[in-house]
Number of protein chains: 2
Amino acid sequence: MATDHLPVSGDFLNQRLAEKGLRFTSQRQHVYEVLLSQRDHPSADEVFMRAKQSKPEISMATVYNSLDALVKCGVVRQVNVDRGASMYCSNMNEHAHFCCDDCGKVFDVNLKDSPRVPEVDVSGKFEVRQIDIALHGRCTGTCEDCGRREAHA
Amino acid sequence: MATDHLPVSGDFLNQRLAEKGLRFTSQRQHVYEVLLSQRDHPSADEVFMRAKQSKPEISMATVYNSLDALVKCGVVRQVNVDRGASMYCSNMNEHAHFCCDDCGKVFDVNLKDSPRVPEVDVSGKFEVRQIDIALHGRCTGTCEDCGRREAHA
DNA sequence: TTTCTATTTAGAATTATTCCAAGTATTGAC
DNA sequence: GTCAATACTTGGAATAATTCTAAATAGAAA
Ligand SMILES: [Mn+2]
Ligand SMILES: [Mn+2]
Ligand SMILES: [Zn+2]
Ligand SMILES: [Zn+2]
């Protein structure tokens, strides 16, 4: 479904960064590839740990900087579901996020066909650039990792 | 539009808390009234500062506890729009949140008529309890407080 | 090359949230 | 009502998450 990534990210990212006046750097590319290669929803700290595996000299500050740059140029989404750390999502297809209030995991969920996005009344006072839809609840059935935060009822 | 509140919150809140097995306390009532009396979207810290004005002995830990209790029993919504502190909203009418990426302020925006919520495909794997819709962009026109984070273009 | 600016880095600093242990209040059983 | 059990509150310490800073480096422009 998603176009396969690792080789394509260079040129693509380069162009997207340039459009926003941001420079293409090896750190930003690396952070992007970390996000593409494992499409769960890691926090900045998790991205940092993964990034260090093949680029041990990268710093936490640079991970934050890179994540901000990737979000700003529109190749990554920042996901805020609770009081914990922000998470990052490299799936730019239109989708919503389901957050299990028991285990804390975040899953992509597809929006059903039209209307894909809610019609909102912003009556000229706001210029909307992005819509984030977060669903809260609990995973049903067999969620193996569930119960981290507290066991399901 | 919203039923006027300060006198009504006691019994109402008492019942909602009881439904979840939570106790009614003066602190929780007070935090709730703080949220009802100024319907912007304060952070826990802002709630703490407001709450202290008429109840100086209240603690930060209790504010967090109370906010959690109010959210859990469904009389307050927790709003997470970015990496900053969570915000709290006592407007339980169906609405979405617009967050200005320049000034950081959060505004209630109404969803247009049906379908009010997006149809999502959760195919039996998730039990959805709540849907949070956050719009990002920038306020247009005359937003006096805008430019705190950085000036509009 | 020289200059200018953006980016990276380590670590300090700050902010946000949670944890803890002791005291207090509330509930339910008797 | 008394008593025990449990929930809640409190201040402060601890932790987690994010931002800041100042110096070094790298990239782009002149
Ligand atoms: Mn996602
Ligand atoms: Mn609101
Ligand atoms: Zn779960
Ligand atoms: Zn604004």
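Within every chain, residues take consecutive numbers counted from 1 along the sequence as written. Here chains are named by letter from A upward and ligands by number from 1 upward, in the order in which they appear as written. At least 70 in pLDDT is required for a residue's local features to be given in this predicted model, at least 80 for side-chain atom pairs to be given and counted, and no such filter applies to totals for whole chains, interfaces and linings, which use all residues. The side-chain numbers reported here are obtained from all heavy atoms of the structure, hydrogens and water having been left aside.

A. Spatial organisation of the coordination of the manganese ion (ligand 2). Residues and elements named next belong to chain B. The coordination sphere of the manganese ion (ligand 2), as far as protein atoms go, consists of His41 (NE2), Cys89 (SG), His95 (NE2), His97 (NE2) and Asp108 (OD), spread over 2.1 to 2.4 Å. Between consecutive donors of the manganese ion (ligand 2), the numbers of intervening residues give the motif H-x47-C-x5-H-x1-H-x10-D. A residue pair is termed long-range when its members are at least 10 positions apart, and His41 in the loop between α2 (26-37) and α3 (44-54) and His95 in the loop between β2 (87-89) and β3 (96-100) qualify at 54 residues. The exposure classification of His41 matches that of His95, with both residues buried. Distances define the donors: N, O and S atoms within 2.8 Å of the metal qualify, as do those within 3.2 Å of Na, K or Ca. Water is excluded, so some sites may look unfinished. Only DSSP runs of H or I covering at least 4 residues are called helices, and only runs of E covering at least 2 are called strands; the numbering of each starts at the N terminus. Exposure is judged per residue with a 1.4 Å probe applied to protein chains only, and the accessible area is read against the type maximum: over 50% gives exposed, under 20% gives buried, and values in between give partly exposed.

B. Local environment of the packing of helix α2 (residues 26-37) of chain A against helix α3 (residues 44-54) of chain A. Residue and element names in this part refer to chain A. Between α2 and α3, the shortest axis-to-axis distance is 10 Å and the interhelical angle comes to 110°. Classified by the angle their axes make, α2 and α3 are roughly perpendicular. Here α2 runs over α3; the crossing is right-handed. Here His30, Val31, Val34 and Leu35 of α2 lie close against α3, whose contacting residues are Val47, Arg50, Ala51 and Ser54. For helices, the axis comes from a line fit to the C-alpha atoms of the stretch in contact; other axes are also lines fit to C-alpha atoms, and the angle between any two N-to-C directions lies between 0 and 180 degrees. Roughly parallel means an angle under 35 degrees; roughly antiparallel, over 145; roughly perpendicular, 65 to 115; everything else is oblique. Put simply, a crossing is left-handed when the front helix is turned counterclockwise from the back one by less than a right angle, and right-handed when it is turned clockwise. We call two residues in contact when some of their heavy atoms are within 4.5 Å.

C. Region of the structure containing the packing of aromatic side chains. We call Phe, Tyr and Trp rings a pair once their centres come within 6.5 Å, taking the six-membered ring for Trp, and we label the pair stacked below 30 degrees between planes, edge-to-face above 60, and tilted otherwise. Applying the stated criterion across every chain, the model contains four aromatic pairs over all chains. Among the aromatic side chains, those forming a connected cluster through ring pairs are Phe98 and Phe107 of chain A together with Phe126 of chain B.

D. Spatial organisation of the domain arrangement of chain A. All names here are of chain A. Domains assigned within chain A are domain 1 (10-79) and domain 2 (94-152). On the side of domain 2, eight residues touch domain 1, which itself brings four residues to the contact. Note: buried area is the sum, over both parts, of the accessible area (probe 1.4 Å) each one loses when the two are combined. Here domain 1 packs against domain 2, burying approximately 510 Å² in sum over the two surfaces, 42% of which is carbon and sulfur. Considering only the surface of domain 1 that becomes buried against domain 2, His41, Arg77 and Val79 emerge as the three largest contributors, covering 93% of it. Throughout this description, the term salt bridge denotes a Lys or Arg side-chain nitrogen within 4 Å of a carboxyl oxygen of Asp or Glu. In this assembly, domain 1 and domain 2 are joined by one salt bridge. For the salt bridge of Arg77 with Asp132, the shortest nitrogen-to-oxygen distance reads 3.5 Å. All residues other than Ala, Val, Leu, Ile, Met, Phe, Trp, Tyr, Cys, Pro, Asp, Glu, Lys and Arg, Gly among them, are scored as polar; the first ten of these are nonpolar and the last four charged. Residue composition of the side of domain 1 that touches domain 2, by class: one nonpolar, two polar and one charged. Segmentation of the chain into domains, including their bounds, is taken from an automatic or database domain assignment.

E. Region of interest: the interface of chain A and chain B. Taken residue by residue, the interface counts 39 residues in chain A and 40 residues in chain B. Looking only at chain A, the three residues that lose the most surface to chain B are Arg83, Phe126 and Arg129 of chain A, adding up to 19% of its buried area. Between the two partners, chain A and chain B, sit two salt bridges. Here Asp68 of chain B and Arg83 of chain A are joined by a salt bridge, their closest N and O atoms 2.8 Å apart. Counted as a polar contact is a pair of N or O atoms within 3.5 Å, where, for protein atoms, one must be capable of donating a hydrogen and the other of accepting one, and residues adjacent in sequence contribute only when both atoms are in side chains. Across the chain A-chain B interface, the total number found is 14 residue pairs in polar contact (both at pLDDT 80 or more). Secondary-structure elements contributing two or more residues to the side of chain A that touches chain B are α4 (60-72), β4 (106-111), β5 (120-121) and β6 (126-139) of chain A. Here the side of chain A that touches chain B takes 14 residues from β6 of chain A, the largest share from any one element. Across the side of chain A that touches chain B, the residue classes tally to 18 nonpolar, nine polar and 12 charged. Pairing analysis gives 13 bridges linking β6 of chain A to strand β6 (residues 126-139) of chain B, with the strands arranged antiparallel. When the sheet's bridge partners are listed, Val128 of chain A is paired in β6 of chain B with Gly137 of chain B. Pairs of strands are assigned from DSSP output, requiring at least two bridges between the strands.

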